[in-house]
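Breakdown of the fold
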Amino acid sequence: MNKQVIVDYIGSIQYTPEQINEAINTNNGKLIVSGIMQRGSTSNEKNFNQNGRSYPLPILKRESEKYKNVFVRERRALGELDHPESSVVNLGNVSHNIVDLWWDGNDLMGKIEILPTPSGNIAKELLKAGIRLGISSRGMGSVRELGEGKVEVENDFEIVCWDLVSNPSTQGAFMSPLNESVSHNKQNKYTKVHSLINDIISVM
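Residues numbered from 1 in each chain as written. Predicted model: local features only at pLDDT ≥ 70, side-chain atom pairs only at ≥ 80, totals over all residues. Heavy atoms only, no water.

**Some details on the overall build of the protein**
Helices and strands together make up the secondary structure of the protein, namely 4 helices and 12 strands. Burial analysis of the protein (204 residues in total) assigns 47% to the buried set. Taking all contacts inside the protein whose residues are at least 6 apart in sequence as the whole, residues at least 24 apart take part in 69%. Summed over all atoms, the accessible surface of the protein reaches about 10,400 Å², with 47% contributed by carbon and sulfur. (Helix = DSSP H or I, 4+ residues; strand = E, 2+ residues; numbered from the N terminus. Buried < 20%, exposed > 50% of the residue type's maximum accessible area, 1.4 Å probe, protein only. Contact = heavy atoms within 4.5 Å. Areas by Shrake-Rupley, 256 points an atom, 1.4 Å probe, with all protein chains shown as cover.)

Here it is, written out as structure tokens:
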């Protein structure tokens, strides 16, 4: 079976604007956030995302360990702002670097440093303004059909990176302020994101 690019929206990292500013002040000007990166499935408990995709825990643990030992350790665990369906990380669009990965039960946790790049600065200003961003995994591999629109990632899966996204398809997969009202509808949120991005770009 041929490998394909597998993009999923899994993680949930939540911070208030006040916590963002505090994180910057306590990390020598660096913005560092942490939270859930991905979720694994066991043979007894299948976790499916809204794409109907499941990641077996042994495969995800194997690949996250490889990623941590190489990319995180060598400080090149880079990701982009938004999620291009490519198996290559575009350095011109890099926004962040993952500085640590660890497991909490079936949840893969991560610590992310927002970089002072053009895309990183956009992400930083969005977060400081209270805009919710999501985390999106990108990998290469094949999938096995399980029926009823559900698939399972196969043993050939490899992690490419995790990206920051503005419009995730998985419910709740946002880096969101804890005090944000849940009454805002999706259109308002997405319009606000794109408007703020245009404002930031216009003054760069």
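There is more to say, and it comes next.
**Looking at the packing of aromatic side chains**
Here the distance between the centres and the angle between the planes together describe a pair of aromatic rings. By the definition in use, this model includes 3 aromatic pairs. Ring centres 5.4 Å apart and planes at 75 degrees place the aromatic pair Tyr55 and Phe157 in the edge-to-face group. In this pair, Tyr55 is assigned in the loop between β4 (53–54) and α2 (57–72) and Phe157 in the loop between β10 (150–153) and β11 (158–165), connecting sequence segments 102 residues apart. Under the relative-accessibility criterion, Tyr55 is labelled buried at 2%. (Phe/Tyr/Trp six-rings, centres within 6.5 Å; stacked < 30°, edge-to-face > 60°.)

**Digging into the sheet that holds strand β9 (residues 143–147)**
Spatially, 3 strands are ordered β4-β10-β9 in an open sheet, and the strand pairing comes out mixed. Every interior strand has two partners, whereas the edge strands, β4 and β9, have only one. Sheet analysis places β4 next to β10, joined by 2 bridges and oriented parallel. When the bridges of β10 are listed, Ser54 appears paired with Glu152. (Pairing = 2+ DSSP bridges.)

**Here's the deal with the confidence of the model for the protein**
With 76% of its residues at a pLDDT of at least 70, the protein reaches an overall mean of 78. Predicted confidence is poor over residues 169–204, with pLDDT under 50, and the contacts of this stretch with residues over four places away or in other chains come to 74 contacts. (pLDDT = per-residue confidence, 0-100.)

**Observations regarding the sheet that holds strand β7 (residues 107–114)**
Strand order in the open sheet formed by 4 strands is β3-β7-β6-β5, with antiparallel pairing between adjacent strands. A strand with exactly one partner marks an edge of an open sheet, and here the two such strands are β3 (31–39) and β5 (78–80). Direction aside, neighbouring strands of the sheet carry axes that sit 40 degrees apart on average. In terms of strand pairing, β3 meets β7 through 8 bridges, oriented antiparallel. Bridge pairing in β7 places Gln38 opposite Leu108. Where α2 meets the sheet, its contacts fall on β3, β5, β6 (94–104) and β7, and the angle it forms with β6 comes to roughly 130 degrees. Of the strands in this sheet, β3, β6 and β7 are in contact with helix α3 (residues 118–128), which crosses β6 at around 65 degrees. (Axes fitted to C-alpha atoms, helices over the stretch in contact; angles between N-to-C directions.)

**Quick notes on the pairing of β9**
By the bridge criterion, 4 bridges tie β9 to β10 in an arrangement that is antiparallel. In the sheet register, Arg144 faces β10, and the bridge partner there is Glu152. Linking two consecutive strands that pair antiparallel, namely β9 and β10, is a turn of 2 residues; a positive phi of about 55 degrees is found at Glu148 within it.

**A closer look at unusual backbone geometry**
Even without being glycine, Arg75 reaches a positive phi, approximately 55 degrees. Non-glycine residue Glu148 carries a positive phi angle of around 55 degrees. Its place among the elements puts Glu148 in the loop between β9 and β10. A residue is classified by how much of its surface remains accessible, and Glu148, at 79% relative accessible area, is exposed.

**Examining the side chain of Ser95**
Checked against the element boundaries, Ser95 lands in strand β6. Setting aside residues no more than four positions away along its own chain, Ser95 makes contact with Gly79, Glu80, Leu81, Glu113, Ile114, Leu115, Thr117, Ser119, Gly120 and Leu164.

**Topic: helix α1 (residues 17–26)**
Restricting attention to buried positions, one finds in α1 the residues Pro17, Ile20, Ala23 and Ile24. An end-on view of α1 places all buried positions within 120 degrees of arc, on one side of the element. What points out from α1, more than 90 degrees from its buried face, is the exposed set Glu18, Glu22, Asn25 and Thr26. Immediately downstream of α1, the backbone of Asn28 shows phi near 55 degrees, a positive value. (Arc of directions from axis to C-beta.)

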